Structures are given as structure tokens and as C-alpha cells.
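A structural walkthrough
In case you want the letters, here they are:
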Amino acid sequence: MRVEPFTVDSYVHALKRGARGLEITGDKADKWRFLRLLFYMNDERDHEWWERDTEGLQFLEWPSDWPARKPIVKILCYTLMPNHFHIILKEIKEGGISKFMKKIGGSMSKHFNEKYQSKGSIFQGSYKSRTIDDDRYIRYLAAYIMVKNTFELYPSGGLAGAQKNFDVAWEWAITYEFSSLADYCGKRESVIIDKDILGEIFTEKSFKSFSQDLVLGGKWQKKGGDEEFARLAIE
């Protein structure tokens, strides 16, 4: 799938996969670095020495000697998986999504190669993307990204285990630090996230109820039989 030309105010589901299905983070420190990238790379300026400049600061604190932050996208939600990540973005500056995704991918590859003595991009080509064209789609997509993907990591049986004991799995999923799910459950207010339209669509209670209906209904397992769900995965 080609990368589409997005216009300002477009909502976009973006996905970046590891090359040959390989993992894109080597340890937990790399995962925390991913969150920092989401914050520090979302700026009009390129901060080449951001890691040096943020040493000693609190987590996601903007350096006082940097110019005021000017985001190029809105990050509505995300989930980092072992070999890929999903994210919903809103374009707020022309070319912002393409620039943001390029900065994220480039920085992650450079860091991985330096740390693990590897070479080349850790990703499978450019990012893949799909424009979100209606409110119904973005509802399903938000749950797909934050709930279905996080539940796949559930240590007591993955998604199938979560279907058997949804409430317990839900409480576990909220503790997964590398997804924005906690921001939609009232457990965190991250500076990374701007809920935008999702904040208008969902309350904490309604998002859990909506997600529960999808998970217990078993629709995540459908393969092409439901158009609404078939559109969610970018292959």
C-alpha cells in the first residue's frame, strides 16, 4: 500500500513493521525511548541532540532552553507491539505526518543499530497508512489499536484469554505502559496524547463498554467477513 498524500485535518491510521517480522525494540529501555520519541519528535524543529539535551530532566519534560514546542501532528492514540506499532494521527501541519513518521523511524533505526551493532533500517520499508473516513471507523480503530493489540500481549492466554475474563484482562491492559489505553481509562494524562475527536466520542465508561462488546463478540477473529473489521488491519 502506498503512502497517501494527506491534507491538513486528515485523520490517519499509520503502521510501521519490523523488517522480516523482527522485533523493533531490544529491551524495556528502548520501549521507553519510543514514548520519548513520540513527544520530542512531534515538533516543527529537528532536535538532533534531544537525548543529550533532556538528560537529567523529568520524563517528557521540555527543555527550558529550547524554543516553544510546535507540534506537527496530533497523536490520538498508539500501541507499541514487539515487532510493529500502530498510531492514529491528525495532520495539523502540511506534510506533518510524513515528516513525523520519518523522524520516528530514522531515530529508532539509528539507535537500534548503534546499541546492538546492527546495520540498515529495522523496519519493513516505509510506513503504511490509511485515511480514516468516518466516525464509525475511528471508533472501531481506536479499540483495535489500544485494546485488541494490547490484549494480544495478555500473559494469561492473549486475546483468547481476555475473552474468558475480560475485566481482569482490562485491568492488566491498563498497566501496559506502552499504549495510550490508560489515557482513555482515567489512569493517566500523558502530554503525548491529544484525544481530539476520540475525546468527544468516548467517555471512560463508554470506551470500556464498546471494547467489551467487540472482544466478547469475537469479531476480532473474523477474516474478511465483516467489512468494518476487514478495514482495520493494514497489510
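See above for the structure.
Let us look at the structure shown here. (Residues numbered from 1 in each chain as written. Predicted model: local features only at pLDDT ≥ 70, side-chain atom pairs only at ≥ 80, totals over all residues. Heavy atoms only, no water.)

Attention now moves to the nonpolar core. Among the nonpolar cores identified, the biggest contains 72 residues, and Leu38, Ile75, Phe85, Ile87, Phe100, Phe151 and Phe207 are the most heavily contacted of them. If one sorts the elements of this core by residue count, helix H4 (residues 135-151) sits on top with 11 residues. Excluding residues that lie within four positions of it along the chain, Phe85 makes contacts with Ala14, Leu15, Lys16, Ile24, Phe34, Thr79, Leu80, Met101, Ile104, Met108 and Phe123. (Core = buried A, V, L, I, M, F, W, Y, C linked by side-chain atoms within 4.5 Å. Buried < 20%, exposed > 50% of the residue type's maximum accessible area, 1.4 Å probe, protein only. Helix = DSSP H or I, 4+ residues; strand = E, 2+ residues; numbered from the N terminus. Contact = heavy atoms within 4.5 Å.)

With that settled, consider helix H3 (residues 96-116). Taking 1.5 Å as the rise per residue, H3 with 21 residues should run 30 Å; its terminal C-alpha atoms sit 30 Å apart, in good agreement. For H3, the set of buried residues is Gly96, Ile97, Phe100, Met101, Lys103, Ile104, Gly105, Ser107, Met108, Ser109, Phe112 and Asn113. Buried residues belonging to H3 abut strand S1 (11-17), helix H1 (28-40), helix H2 (50-53), strand S2 (73-80) and strand S3 (84-91). A positive backbone phi angle near 55° is found at Gln117, which sits one or two residues after H3. (Expected span 1.5 Å × (residues − 1).)

A few words now on empty space enclosed by the protein. Under the defined criterion, the tally for this structure stands at one cavity of 30 Å³ or more. Empty space within the largest cavity amounts to approximately 50 Å³. For the largest cavity, the full set of lining residues is Ile24, Thr25, Asp30, Arg33, Phe34, Leu37, Met108, His111 and Phe112. Elements supplying a minimum of two residues to the lining of the largest cavity: H1 and H3. Sort the elements by how many residues they give to the lining of the largest cavity and H1 lands first, with four residues. For the lining of the largest cavity, the residue count by class is five nonpolar, two polar and two charged. (1 Å grid on protein atoms, 1.4 Å probe; cavity = no way out; pocket = protein on both sides within 12 Å on 5 of 7 lines; lining within 4 Å. Points joined across faces, edges and corners; volume = space filled by probe spheres on them. Nonpolar A, V, L, I, M, F, W, Y, C, P; charged D, E, K, R; others polar.)

The subject of this paragraph is unusual backbone geometry. A positive phi angle, close to 80°, is found at Asp9, a residue other than glycine. As for its placement among the helices and strands, Asp9 is situated in the segment before S1. Despite not being glycine, Gln117 shows a phi value in the positive range, around 55°. Since its relative accessible area comes to 76%, Gln117 is described here as exposed.

Moving on to the packing of H4 against helix H8 (residues 204-217). Relative to each other, H4 and H8 sit at 70°, their axes nearing to 10 Å. Considered as vectors, H4 and H8 are oriented roughly perpendicular to each other. For the pair H4 and H8, contact is made by Arg139, Tyr140, Ala142, Ala143, Met146, Val147 and Phe151 and by Phe207, Phe210, Ser211, Leu214 and Val215, respectively. Its residues assigned to classes, the contact of H4 with H8 comprises 10 nonpolar, one polar and one charged. (Axes fitted to C-alpha atoms, helices over the stretch in contact; angles between N-to-C directions. Parallel < 35°, antiparallel > 145°, perpendicular 65-115°, else oblique.)

Before going further, it helps to spend a moment on the layout of surface pockets. In this structure, the largest pocket occupies an estimated 390 Å³ of space. If you go around the largest pocket, you meet 16 residues; those closest to its centre are Arg33, Glu48, Trp50, Ser107 and Lys110. Contributions of two or more residues to the lining of the largest pocket are made by H2 and H3. In terms of residue count, the dominant contributor to the lining of the largest pocket is H3 (seven residues).

The next point concerns the pairing of S3. Buried residues dominate S3, accounting for eight of its eight residues. Residues His84, His86, Ile88 and Lys90 of S3 are buried on one face, and the alternating residues Phe85, Ile87, Leu89 and Glu91, pointing to the opposite face, are buried as well. Pairing of S1 with S3, which is carried by seven bridges, proceeds in the antiparallel orientation. By the bridge assignment for S3, Arg17 is matched with His84. Pairing geometry for S2 and S3, over seven bridges, is antiparallel. Within S3, the residue paired with Cys77 across the bridge is Ile88. Taking the residues that link successive antiparallel strands as the turn, the S2-S3 hairpin has three residues. (Pairing = 2+ DSSP bridges.)

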